[in-house]
Amino acid sequence: MTCVTERYYADIDAKTYIKEFRSTDYFIEFCQQCKNYGRRYGCPPFDDETLSLVYKYEKVRILGIKIIPNNKQLPLSVANDLMEPVVKDMNEELLNLEQSLGGYAFGFVGSCPYCGGRPCARIEGKPCRHPEKVRPSLEAFGFDMSKTAKDLLGLEIKWSKGELIPEYLTLVCGLFYQFSPPTDIL
């Protein structure tokens, strides 16, 4: 399967992003319906201290990636196969930015790209095997991804209307950081 990717970026003041795009009470209900709730380290529930870490940053860099399959008649079951290599690259990019800027990355959780298909250690009450790499998604912290994509990136998130993947798939992630970095870093 082949696809084309397009990248979109936006920067926003962290206080504004938190105020206008976050509703933890609303989105936690969706998370609670997911089979991964409380079973993965990148998924809620989180303690109040963890949820409040976004308040210590000044800026947010939002990254959106549009994945456009070359074959428009692919079954929905292949969506993860299309996203997996893109998610891996995106998460690595975010972790590198996190390290260079001293910020905190929010990736795309789905299945853990670091445990080789093994169940998350959280299920057994054990520590995360890769705490230096595993990050929650923005939606796990209550951020509205549809609104983020539309208002900040100009992207409409497409949903499947049956058994075929939509026209394109959209990944949205972000990095909370302290200062405005040189443009050649981002």
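For the structure, check the block above.
### What to know about helix H1 (residues 14–21)
Then, in step 1: Along H1, the positions that sit buried rather than exposed are Ala14, Tyr17, Ile18 and Phe21. In an axial view of H1, the angular spread of the buried residues amounts to 105°, which keeps them on one side of the axis. Relative to its buried face, H1 has exposed residues pointing more than 90 degrees away, namely Lys15 and Lys19.
Then, in step 2: The opening residue of H1, the one whose side-chain oxygen lies 3.2 Å from the backbone nitrogen of Lys15, is Asp13.

### Examining the pairing of strand S2 (residues 59–69)
Every regular strand shows the same layout, with side chains that alternate between the two sheet faces.
Then, in step 1: Among the eleven residues that make up S2, ten are buried, leaving the element largely enclosed by the rest of the structure.
Then, in step 2: Summarising the sheet, strand S1 (residues 3–13) and S2 pair through eleven bridges and their orientation is antiparallel. Of the residues in S2, the one forming a bridge with Ala10 is Ile62.
Then, in step 3: Bridge count for S2 against strand S4 (residues 169–177) is nine bridges, and the pairing is antiparallel.

### Quick notes on the sheet that holds strand S3 (residues 104–106)
Then, in step 1: Read from one edge to the other, the open sheet built from four strands follows the order S1-S2-S4-S3, with strand pairing classed as antiparallel. Each edge of the open sheet is held by one strand with a lone partner, namely S1 and S3. Taken over all neighbouring pairs, the strand axes of this sheet differ in orientation by 15° on average, direction set aside.
Then, in step 2: Against the sheet, helix H4 (residues 79–101) engages S1, S2, S3 and S4, with an angle of about 10° to S4.

### Notes on unusual backbone geometry
Then, in step 1: Pro45 follows Pro44 through a cis peptide bond whose omega is 10°.
Then, in step 2: Considering the arrangement of structural elements, one finds Pro45 in the loop between helix H2 (24–32) and helix H3 (48–51).

### With respect to the pattern of salt bridges
Then, in step 1: Counted by the stated rule, this structure contains seven salt bridges.
Then, in step 2: Two residues, Glu6 and Lys66, come together in a salt bridge whose shortest N-O distance is 3.9 Å. Of the two residues, Glu6 is situated in strand S1 and Lys66 in strand S2; the sequence distance between them amounts to 60 residues.
Then, in step 3: Under the relative-accessibility criterion, Lys66 is labelled buried at 15%.
Then, in step 4: Notably, a salt bridge pairs Arg135 with Glu98, separated by 2.6 Å at the nearest N-O pair. Remark: Glu98 occurs in helix H4 and Arg135 occurs in the loop between S3 and helix H5 (145–153); sequence separation between them is 37 residues. Residues Arg135 and Glu98 agree in their burial class; the two are buried.
Then, in step 5: Bridged by salt links that share partners, the residues Glu156, Lys158 and Glu167 form one connected network.

### Re the packing of aromatic side chains
Then, in step 1: Taken as a whole, this structure holds twelve aromatic pairs when the rule is applied.
Then, in step 2: Here the aromatic rings of Tyr26 and Phe27 are separated by 4.9 Å at their centres, their planes lie at 85°, and the arrangement is edge-to-face.
Then, in step 3: Owing to a relative accessible area of 48%, Tyr26 belongs among the partly exposed residues under this scheme.
Then, in step 4: Geometrically, the ring pair formed by Phe106 and Phe141 is edge-to-face, given 4.9 Å between the ring centres and 75° between the ring planes. Of the two residues, Phe106 sits in strand S3 while Phe141 sits in the loop between S3 and H5, which places them 35 residues apart along the sequence.
Then, in step 5: The class for Phe106 is buried, based on a relative accessible area of 0%.

What counts, and at which threshold
- Residues numbered from 1 in each chain as written.
- Predicted model: local features only at pLDDT ≥ 70, side-chain atom pairs only at ≥ 80, totals over all residues.
- Heavy atoms only, no water.
- Buried < 20%, exposed > 50% of the residue type's maximum accessible area, 1.4 Å probe, protein only.
- Helix = DSSP H or I, 4+ residues; strand = E, 2+ residues; numbered from the N terminus.
- Arc of directions from axis to C-beta.
- Polar contact = N/O pair within 3.5 Å; in protein donor to acceptor, adjacent residues only side chain to side chain.
- Pairing = 2+ DSSP bridges.
- Axes fitted to C-alpha atoms, helices over the stretch in contact; angles between N-to-C directions.
- Contact = heavy atoms within 4.5 Å.
- Salt bridge = Lys/Arg side-chain N within 4 Å of Asp/Glu carboxyl O.
- Phe/Tyr/Trp six-rings, centres within 6.5 Å; stacked < 30°, edge-to-face > 60°.

On their own, these measurements won't tell you what the molecule is for.
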